[in-house]
Amino acid sequence: MLVVGGGIGGLGAAFSLARQGTTVRLLESAPAFGEVGAGIQLAPNCTRILDDYGLLDEAKSLGVVPDAMVMRDAVDGSELTRLDLRHLEERYGYPYLVIHRSDLHGLLLRACERAGVELVNGAQVTSYENTEDGARVTLDSGETHEAGVVIAADGLHSVARKLLVDDQPVSSAYVAYRGTVPAEQPRVRSADLSEVVVYIGPRCHFVHYGLRGGEMLNQVAVFESPKALAGRDDWGTPDELDAAFAGTCDVVRDGLPFMWRDKWWRMFDRDPVMTWVHGRIALLGDSAHPPLQYIAQGAIMAIEDGWVLGEHVARHRAEDGAVDWTAALAAYEAVRPEHCRRVLTTSRKWGELWHLDGLARERRNVLLRARDTYDYSFTDWLYGPTALTPDQEPEMFTPIPLDSAELGEPVAVGGTA
């Protein structure tokens, strides 16, 4: 078994398959394993899998289990709605956890090492092809690797995806800035590190929460780039960051000086595709379903993919140890694309909802303020147990039209399925 890509999705899949007794070689293009970025949120549908893997206690020791998620208006700072994350843990059986992305990556890397995964660096895969008894990948060096199955966890710009669909990443025209603030800064002392807080505003939003047991505050600032909308190549620059948040409340603006200004992340996704398997080559993670980040499910979907694939390998393993890969891959493809399609489309709609202006913003705020803290109708489809078969996929939520606030034309809260 070959896994291509040493990010969170690739490592998660490699570990999932290795724990089922599969011999796994993982090919990573970088000369060393590592992960860039800052914080990442792990909802119960992910911490449930980490617990099954025996990794949840280690993850909790590296991260923070917050008490609440709070949504505020970025313009006036007022609270709009919240989730009681301790009650949410009781409902779903597993915690909502925030962790540094590099800590999660390192945790999965160590798990792969313990499970005996062969880790190969400096292996840039340039092509994939099926063979008579499996699949083959070719590296930029000309070297080839063959296996019975190849899992392509090769990211947003996946080479393997081209075997299945001729498409390109879709630009949202939004860009993210990140930054971490050390605990000794007054900025951290004034923040409630027991809360994940998102300030939603016109064409922008701002997120902050504690990391590493309160040693730092993680911040993310996201905004729509006028330069991107104008078709310019130099979009998402720091001057645009400052302009985008000029009309926001003091708490948000006070966080801007702590953002890293020498790098930023332009936000792309891809349109959903329902075919992920080509012979003995299968897509996983962002190669199959790169989302916008508004419901914080990108890395989680990749971890779910690996877990589901591992469970179907176990179900389709004969007494002599041989795996019916055709059946296992078919079962994987029967359930994961539809779930991920829902996440991708809902993420886009949720982003639109966050960034409303004018009367639409006022309607949204009225409806969010009316929501009961313990109403889980918008999370049950997402945070419950990961489906292994299509019949286990829960019902989607029912969108609430914004015009039910009696303030104008209909726009759906929460998006559509």
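Each chain carries its own residue numbering, running from 1 in the direction its sequence is written. The predicted origin of the model limits local features to residues at a pLDDT of at least 70 and limits the giving and counting of side-chain atom pairs to 80 or more, whereas totals for whole chains, interfaces and linings rest on all residues. Processing note: side-chain calculations cover all non-hydrogen atoms of the structure and skip hydrogens and water entirely.

## Some remarks on the packing of helix 10 (residues 298–315) against helix 11 (residues 325–354)
Right, on to step 1. Note on geometry: axes are C-alpha line fits, over the in-contact stretch for helices, and angles between N-to-C directions span 0 to 180 degrees. By definition, any uninterrupted DSSP run of H or I lasting at least four residues is a helix, any uninterrupted run of E lasting at least two residues is a strand, and each is numbered from the N terminus. At a minimum axis distance of 9 Å, the contact between helix 10 and helix 11 shows a crossing angle of 155°. Taken together, the axes of helix 10 and helix 11 lie roughly antiparallel to each other. Here helix 10 and helix 11 pass one another in a crossing that is right-handed. Contacts between helix 10 and helix 11 involve Met301, Glu304, Asp305, Val308, Leu309, His312 and Val313 on the former and, on the latter, Trp325, Ala328, Leu329, Ala331, Tyr332, Val335, Arg336, His339, Cys340, Val343 and Leu344.
Right, on to step 2. The classification used treats Ala, Val, Leu, Ile, Met, Phe, Trp, Tyr, Cys and Pro as nonpolar, Asp, Glu, Lys and Arg as charged, and all other residues, Gly among them, as polar. In terms of residue class, the contact of helix 10 with helix 11 is built from 13 nonpolar, two polar and three charged. Just so you know how the angles are binned, under 35 degrees is roughly parallel, over 145 roughly antiparallel, 65 to 115 roughly perpendicular, and the rest oblique. Throughout, a crossing is termed right-handed when the near helix is turned clockwise from the far one, and left-handed when it is turned anticlockwise from it by less than a right angle. Working rule for contacts: check all heavy atoms of both residues, and any pair within 4.5 Å makes them a contact.

## A word on the pattern of salt bridges
Right, on to step 1. By definition, a salt bridge exists where a carboxyl oxygen of Asp or Glu is found within 4 Å of a side-chain nitrogen of Lys or Arg. In the structure shown here, the tally under the stated rule is 28 salt bridges.
Right, on to step 2. Arg270 is the salt-bridge partner of Asp167, the closest N and O atoms lying 2.7 Å from each other. Of this pair, Asp167 sits in the loop between strand 11 (150–152) and strand 12 (170–182) while Arg270 sits in the loop between strand 16 (265–269) and strand 17 (277–278); the two residues are 103 residues apart in sequence, bridging distant segments of the chain.
Right, on to step 3. Classification of Arg270 by relative accessible area gives buried; the value is 5%.
Right, on to step 4. Arg261 serves as the salt-bridge partner of Asp242, at 2.8 Å between the closest nitrogen and oxygen. Here Asp242, found in helix 8 (residues 238–244), pairs with Arg261, found in the loop between helix 9 (250–255) and strand 16; they are 19 residues apart in sequence, far enough to count as distant.
Right, on to step 5. Accessibility expressed as a relative area gives 34% for Asp242, which makes it partly exposed. Relative accessible area decides the class of each residue, using a 1.4 Å probe on protein chains only: under 20% of the type maximum gives buried, over 50% gives exposed, and in between gives partly exposed.

## Concerning the side chain of Asp103
Right, on to step 1. Summarising the element assignment, Asp103 is placed in helix 5 (residues 101–115).
Right, on to step 2. Residue class for Asp103 comes out buried when judged on its relative accessible area of 14%.

## With respect to helix 12 (residues 358–370)
Right, on to step 1. Across its 13 residues, helix 12 extends 19 Å between first and last C-alpha, which sits within 8% of the 18 Å expected from 1.5 Å per residue.
Right, on to step 2. Those residues of helix 12 lying buried are Ala360, Arg361, Arg363, Arg364, Asn365 and Leu368.
Right, on to step 3. Lining the buried residues of helix 12 we find strand 4 (68–73), strand 5 (79–84), strand 13 (195–201) and helix 11. In a helix, the anticipated span is given by 1.5 Å times the number of residues less one.

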